[in-house]
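Structural overview
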Amino acid sequence: MSNFKQEPHKLLVIPGPIEVTDEVLYANAHPSMSHVSPDFIPVFGDCIRMIREVLFAGPQAQPFIISGSGTLGWDQVSANLVEPGESVLVLNSGYFGDSFADCLRTYGAVVDELHAPFGTAVELSSLEAALKSKKYKLVTFTHVDTSTGVLSDAKGIAEVVKSASPETLVALDGVCSVASEEIQMDAWGIDVVLTASQKGLGVPPGLSILVASEKAMKVFEARKSPVTSYYGSWKKWLPIMRAYENGSAAYFATPPVNLIYAFHTSLTQLTKRAPSLQERFALHREASARVKKAAEELGLRQLPLDSKYAANGMTALYFPDGLVASDLLPRLGKRDVIVAGGLHKDHKEKYFRIGHMGVSVVDKMRGDIDKVIAALKESLAEAKASKNV
């Protein structure tokens, strides 16, 4: 074990990228290695196996770990599971619902959207009514929309789809939820979970991670028209994933070797060490409650309209009357705490976002949540005094 320690730096508590452990960052500095090296093959194979564990998915689920951002997951779903002219229903709870719908349309899907009122998720009754009125190949939703901090009911959505339209696939955009919110892929009947490395999984940005159910893979294999992407085609990537999992190398495009070493280290921490996954989810709920309670005591109002819509890996808060981003965020930065401004196109000047995921939540000895709360309290008081608010 190396004695490597990160250089002192400002605390990164945006809703991704997040802080990473010393072990993960050290693994990312692995000496250059061939992607077909006998030393690298089992590392990649282990990553494929361990990501199933994070999602409580069985061996029949097929992971795809590809160089790219979380956005590449949308392309994979759109290109591999939907054929031009087929209908898709997008449950839209924010900026990333807009973007997923745009991606699907780019690949020729006929997209209908159910828009939730700002600060809420789509009601299950609305989903059921939509499924009974029209046949859809796929339903998509953003589990946690990073733009709003709104949490959708993944289990409930899957149950409604299974009941009202059992042939319809369910795709969960988990970029801002995997490893901070519980996802029981098999038990709940989720067909696709797509995510990225830089949020709850606690790895630097650069990996597009997707897991497809056995049902989704059968739909892919039965498609009648050619896959509408080259780089994102599962026809290209499926043999690669199967080869590495089975202990041999294969080539389509060069994987980001160092990131995969870092991912392997993080997945080992998630699945093989204490705290357990369920304990980690509990720690995220606990940290979320602390941040939200502290914000409430400071007079700050949450963006989600009800606690049932509030994510556990991030908090979105409205600025107090009379204050804007430039009043508060730089003051937090001077206290070495980096948070994010708003993102939703219609409301982005009105609120800011705090991320509380991964090591900042799990390792209480770091004191990250204490630092965030203290900095928020001091910065808010200073900002209000400067503006006579």
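Scroll up to find the structure this text is about.
If you're wondering where the values come from, they're calculated on a predicted model, not measured in any experiment. (Residues numbered from 1 in each chain as written. Predicted model: local features only at pLDDT ≥ 70, side-chain atom pairs only at ≥ 80, totals over all residues. Heavy atoms only, no water.)

With that settled, the discussion passes to the packing of aromatic side chains. The geometry of an aromatic ring pair comes down to the distance between the two centres and the angle between the two planes. Taken as a whole, this structure holds 15 aromatic pairs when the rule is applied. Ring geometry for Trp74 and Phe100: centres 5.8 Å apart, planes at 25°, overall stacked. Of this pair, Trp74 sits in helix α3 (residues 71-80) while Phe100 sits in helix α4 (residues 95-106), placing them 26 residues apart in sequence. Trp74 sits in the buried class, given a relative accessible area of 8%. Accessibility expressed as a relative area gives 1% for Phe100, which makes it buried. A centroid spacing of 6.5 Å and a plane angle of 70° characterise the contact between Tyr318 and Tyr351, whose relative ring orientation is edge-to-face. With Tyr318 in strand β11 (residues 314-318) and Tyr351 in strand β14 (residues 351-355), this residue pair connects regions lying 33 residues apart in the sequence. Residue classification places Tyr318 among the buried residues on the basis of a relative accessible area of 13%. On the accessibility criterion, Tyr351 (0% relative accessible area) is buried. Connected via pairs of aromatic rings, a cluster forms that spans Phe40, Phe44, Tyr244 and Tyr261. (Phe/Tyr/Trp six-rings, centres within 6.5 Å; stacked < 30°, edge-to-face > 60°. Helix = DSSP H or I, 4+ residues; strand = E, 2+ residues; numbered from the N terminus. Buried < 20%, exposed > 50% of the residue type's maximum accessible area, 1.4 Å probe, protein only.)

Now for the pattern of salt bridges. According to the stated counting rule, one finds 18 salt bridges in the structure shown. Between Lys345 and Asp98 there is a salt bridge whose closest N-O contact spans 3.2 Å. With Lys345 in the loop between β13 (340-341) and β14 and Asp98 in helix α4, the pair connects residues that are 247 residues apart, well separated along the chain. Given the relative accessible area of 55%, Lys345 is considered exposed. Owing to a relative accessible area of 25%, Asp98 belongs among the partly exposed residues under this scheme. (Salt bridge = Lys/Arg side-chain N within 4 Å of Asp/Glu carboxyl O.)

Quick look at the sheet that holds β11 now. Ordered by their spatial adjacency, three strands build an open sheet running β11-β14-β13, and the pairing between neighbours is antiparallel. Strand pairing shows two members of the sheet lacking a second neighbour, β11 and β13, which therefore form its edges. Where β13 lies against β14, two bridges are found, and the strand directions are antiparallel. By the bridge assignment, Gly341 is partnered in β14 with Phe352. (Pairing = 2+ DSSP bridges.)

A word on unusual backbone geometry. A cis amide bond, omega 0°, links Gly16 with the succeeding residue Pro17. Structurally, Pro17 is set in the loop between β1 (11-12) and α1 (22-28). A cis geometry characterises the amide bond from Ala274 onward to Pro275, with omega recorded as -5°. You can see Pro275 is positioned in the loop between α10 (257-272) and α11 (277-297). Positive phi, close to 80°, is recorded for Ala179, a residue that is not glycine. The residue Ala179 is located in the loop between β8 (169-173) and α7 (185-188) in this model.

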